[in-house]
Amino acid sequence: MVATHSSAPRRFTLNEAILTALQQNPTILIARQEIERTKGLFIQLRAAALPQIIATAQFQDLDPHLLHVNPGNQNAVPGQPGQAFNVISAERTYSLEIAANQVIFSGGRVPGQISSASFQRDSSYYSFRNTIDLIVATVRQQFYLVLLDRALIGVQEESVRLLQSQLQDQQNRFEAGTVPRFNVLQAQVALSNQIPQLITAQNNYRISQLQLAKTLGLDFDPRRGDQAPLEAVGELVYVPREMPITKAIAVAKENRPFLKQQKATVLSNNSQVGVARSGYFPQINATAGTDFRSSPLTDNIRAARSGYIFGAMGTWAIWDWGATYGQVKQARAILEESKATLDDDVRQVELEVQQAFSNLLQGKQLIQSQEKNVEQATEALRLATARLDAGAGTQLEVLDARVQLTTAQSTRLQALYTYNAAVAEFDRATATEVKYSACVDEPGTRSKLRSDPKPTPAPKPTPLPLNGDCEATTSTRTKTVKSSLAK
C-alpha cells in the first residue's frame, strides 16, 4: 500500500514529542481525571459542614367515597347502627416545608472527613505530577531508541555496501586469475551473514517507532498502511551532565512527587483516625425552617396554616460492643502502614537515584572508551585493504577489519544511547526535568510524621488550592524546563 501525501508520517523533534505526549497520552489523561474526581469528593464532604436547605412538598387527593362511612363500618359511632355517618374532611391536602439542617457537633467526624478528602486531592495531584515525570522520561528514552535504531541501520547499510564492493572486487580478481575462487566464496558468505543484521536493524527501527507512537497517543492511520507512524528528527549526541550524588539524592527527596504523594496519603490516613474516633462522641444536628399546611377540614386555600419549625436531634452510641474501638484500631494500623511505606519510598528514591547515577557514569565511560575506537578501526580497514591490493595481505584480514569497524560503530552508538537514556532516567529520579512554581507549606500535623516537612507545590489551575497554599489567589504557572539533551 502506497502512502499518500496526506498520510505521510509526522515529524517530531524531542520537545514536540514530549508536548504531544503531555496532551494525548492516556495515562496522563486518566491521572488528570483522577484530580477532578478527588476535587468532587472534597466538595461533597465539605458540604457536610454547611447548612443543608431542604424543601419537602406533599399533595394528596382522596376519592370522596373514602370520606363516607357506612353503617356497618367499623368506624361507625357506637349505639347508632342504623345511621349513616359522614366524616367531614378535605378531599385535597397539601403541605410545604422548607428547613435548614446543620451539624452542631460530630465529635470531629466532619472536619476529619474534609481534611482526609483534602489530602486525597493533594495525593491525586502529586500522582499526576509523578505520571508526567514518568511519561516524559519514557518519551525521551523511546525517542533516543528510535534515533539509535535508525543510526544502526546506517551502519549496517554501509557495511553491506562495502561487502558488496569487496565481493565485486574479488570476482573481478578471480576472473583475471589473480585470486582463487575461495576468496570469492569468503566474500559471498560475509555478505550473506551481514544482510540478516541489516534486516534485524530495520525491524527494530519499525518497532521502536510504533512504541513511541503509542506513548504519544497517536492513532493508527489506515491510509498509512505499513509505513512509519512518525519520523524522529535529531541525532544522538553527548552533552555532559554533572551533579554530585549527594546533591542528587537531596534534590530528589525534596522534589519527587512520588514522595509528596505518599506524604499526602499519610496525612489523609491520619485524618481518618479522627473520623473513626468520632464514634466515641455524640452526634447532634439542628433543624430550623417554616411549614405551610392546608386545612384538614376544607379545600379553601385561605384556611391554610403556616408556622416555624425548630428542633434538634442527637444520637450517642453509649455501648456498641467495641465497634468504634475496632474502627479506631484499623485506622491507626492503616496510618502506621502508610508511615512505613513512606519510609520505604524514601529508600526507594535513594536507590533509583543511585542506579541512575551509576548508569550515567557507565554511559560516560563507554563514550570515552569509544572516542578513538571508530577512527582506529577505520584506519585498520584502510590498511588491510591496501595490503591486500599490494599482495602483502589476505582477504581474511580485510573481512576481519570490516567486522571490527562495524562493531566499533555500533558500540559507539549504543554508548551514546545508554548515556542519553541514563540522563532521562536521572532527570526523572531527581525530578529535575519538570519544574512547578508555587508557594506552599504543609500543615502542622506534618510534624507528627517521621520525615521532615518539605515545600510542596500546588496544582494550577484549580479553585481548590492545596493545604497551606500561601498564594491561593495568585495564579502560578507550570513550565517545562528543557534539559540540555532536549535542546
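Rules and cut-offs
- Residues numbered from 1 in each chain as written.
- Predicted model: local features only at pLDDT ≥ 70, side-chain atom pairs only at ≥ 80, totals over all residues.
- Heavy atoms only, no water.
- Helix = DSSP H or I, 4+ residues; strand = E, 2+ residues; numbered from the N terminus.
- Buried < 20%, exposed > 50% of the residue type's maximum accessible area, 1.4 Å probe, protein only.
- Contact = heavy atoms within 4.5 Å.
- Areas by Shrake-Rupley, 256 points an atom, 1.4 Å probe, with all protein chains shown as cover.
- Axes fitted to C-alpha atoms, helices over the stretch in contact; angles between N-to-C directions.
- Parallel < 35°, antiparallel > 145°, perpendicular 65-115°, else oblique.
- Nonpolar A, V, L, I, M, F, W, Y, C, P; charged D, E, K, R; others polar.
- Phe/Tyr/Trp six-rings, centres within 6.5 Å; stacked < 30°, edge-to-face > 60°.
- Lys NZ or Arg CZ within 6 Å of the ring centre and 35° of its normal.
- Pairing = 2+ DSSP bridges.
- Core = buried A, V, L, I, M, F, W, Y, C linked by side-chain atoms within 4.5 Å.
- Expected span 1.5 Å × (residues − 1).
- Salt bridge = Lys/Arg side-chain N within 4 Å of Asp/Glu carboxyl O.

(A) Here's a closer look at the overall build of the protein. From N to C terminus, the protein includes nine helices and 10 strands. Within the span of the protein, comprising 487 residues, buried residues form 39% of the whole. Counting contacts in the protein only where the partners sit at least 6 residues apart, residues at least 24 apart contribute 83% of the total. For the protein, the accessible surface area stands at approximately 27300 Å², while carbon and sulfur atoms represent 56% of it.

(B) Region of interest: the packing of helix α2 (residues 26-47) against helix α3 (residues 109-176). Orientation of α2 relative to α3, taken along the N-to-C sense of each, is 170 degrees, at an axis distance of 8 Å. The angle between the axes of α2 and α3 places the two elements in the roughly antiparallel class. Seen from α2, the contacting residues are Thr27, Ile28, Ala31, Arg32, Glu34, Ile35, Thr38, Lys39, Leu41, Phe42, Leu45 and Arg46; seen from α3, they are Gln113, Ile114, Ala117, Ser118, Gln120, Arg121, Ser124, Tyr125, Phe128, Thr131, Ile132 and Ile135. Its residues assigned to classes, the contact of α2 with α3 shows 12 nonpolar, seven polar and five charged.

(C) Representation of the packing of aromatic side chains. Per the stated rule, a full pass over the model turns up five aromatic pairs. Judged by centre distance (6.5 Å) and plane angle (20 degrees), the ring pair of tyrosine 94 and phenylalanine 292 falls under stacked. Pair noted here: tyrosine 94 is in strand β5 (residues 92-105) and phenylalanine 292 is in strand β7 (residues 283-293), with a separation of 198 residues, a long-range link. Taking the ring centre of phenylalanine 42 as reference, the NZ or CZ of arginine 121 above it sits at 5.0 Å.

(D) Broad picture of the sheet that holds strand β8 (residues 305-315). Sheet architecture is open: four strands sit in the order β2-β5-β7-β8, paired in antiparallel fashion. Each having just a single partner strand, β2 (52-61) and β8 make up the two edges of the open sheet. Averaged over all pairs of adjacent strands, the angle between their axes in this sheet comes to 20 degrees, without regard to strand direction. Note: β7 against β8, 11 bridges, orientation antiparallel. Pairing of aspartate 291 across the sheet is with glycine 307, part of β8.

(E) Local environment of the nonpolar core. Counting 64 residues, the largest nonpolar core has Val139, Phe143 and Leu216 as its most contacted members. If one sorts the elements of this core by residue count, α3 sits on top with 18 residues. Setting aside chain neighbours within four positions, we find phenylalanine 143 in contact with Phe12, Thr13, Leu14, Ala17, Leu212, Ala232 and Val233. Core analysis: the next-biggest nonpolar cluster, separate from the first, contains eight residues, Val374, Ala377, Ala384 and Leu405 among them.

(F) Spatial organisation of helix α4 (residues 181-216). The end-to-end C-alpha distance of α4, which contains 36 residues, comes to 54 Å, matching closely the 52 Å that a straight helix rising 1.5 Å per residue would cover. The positive-phi residue at the C-terminal boundary of α4 is glycine 217, with phi of around 80 degrees.

(G) Main features of the pairing of β2. Of all 10 residues making up β2, only zero are buried, and the element is barely covered by its neighbours. As defined by bridge partners, β2 adjoins β5 across 10 bridges and the pair is classed as antiparallel. Bridging across to β5, aspartate 61 finds its partner in arginine 92.

(H) Molecular detail of the environment of isoleucine 35. With respect to the helices, strands and loops of the structure, isoleucine 35 is situated in helix α2. Note: C-alpha distance between isoleucine 35 and arginine 121 (86 residues apart in sequence) is 6.3 Å. Among residues more than four places away in sequence, those in contact with isoleucine 35 are Ser124, Tyr125 and Phe128.

(I) Quick look at the pattern of salt bridges. One pass over the full model with this rule turns up 15 salt bridges. Residues lysine 39 and glutamate 36 are paired through a salt bridge, measuring 3.6 Å at the closest nitrogen-oxygen approach. Residue lysine 39 and its partner glutamate 36 are both found in helix α2; the two are separated by three residues, about one turn of the helix. With relative accessibility at 11%, the residue lysine 39 sits in the buried group. Looking at glutamate 36, the relative accessible area reads 42%, which means it is partly exposed. A salt bridge links glutamate 352 to arginine 256; the shortest N-O distance between them is 3.0 Å. Taken together, the positions of glutamate 352 in helix α7 (residues 323-369) and arginine 256 in the loop between α5 (245-255) and α6 (257-277) put the pair 96 residues apart, joining distant regions of the chain. Since its relative accessible area comes to 14%, glutamate 352 is described here as buried.

(J) Representation of the packing of helix α1 (residues 14-24) against α2 in the model. One can describe the packing of α1 onto α2 by two numbers: an axis separation of 6 Å at closest approach and a directional angle of 45 degrees. Our classification of the angle between α1 and α2 gives oblique. Contacts from Ala21, Leu22, Gln23 and Gln24 in α1 reach Pro26, Ile28, Leu29 and Arg32 in α2. Here the contact of α1 with α2 is built from residues that sort into five nonpolar, two polar and one charged.

(K) Structural context of the environment of leucine 96. Locating leucine 96 in the fold gives a position in strand β5. By relative accessible area, which is 36% here, leucine 96 ends up partly exposed. Note: C-alpha distance between leucine 96 and alanine 57 (39 residues apart in sequence) is 4.4 Å.

(L) How the structure looks around unusual backbone geometry. Although it is not a glycine, tryptophan 321 adopts a positive phi angle of roughly 60 degrees. Residue placement: tryptophan 321 occurs in the loop between β8 and α7. Residue classification places tryptophan 321 among the exposed residues on the basis of a relative accessible area of 74%.

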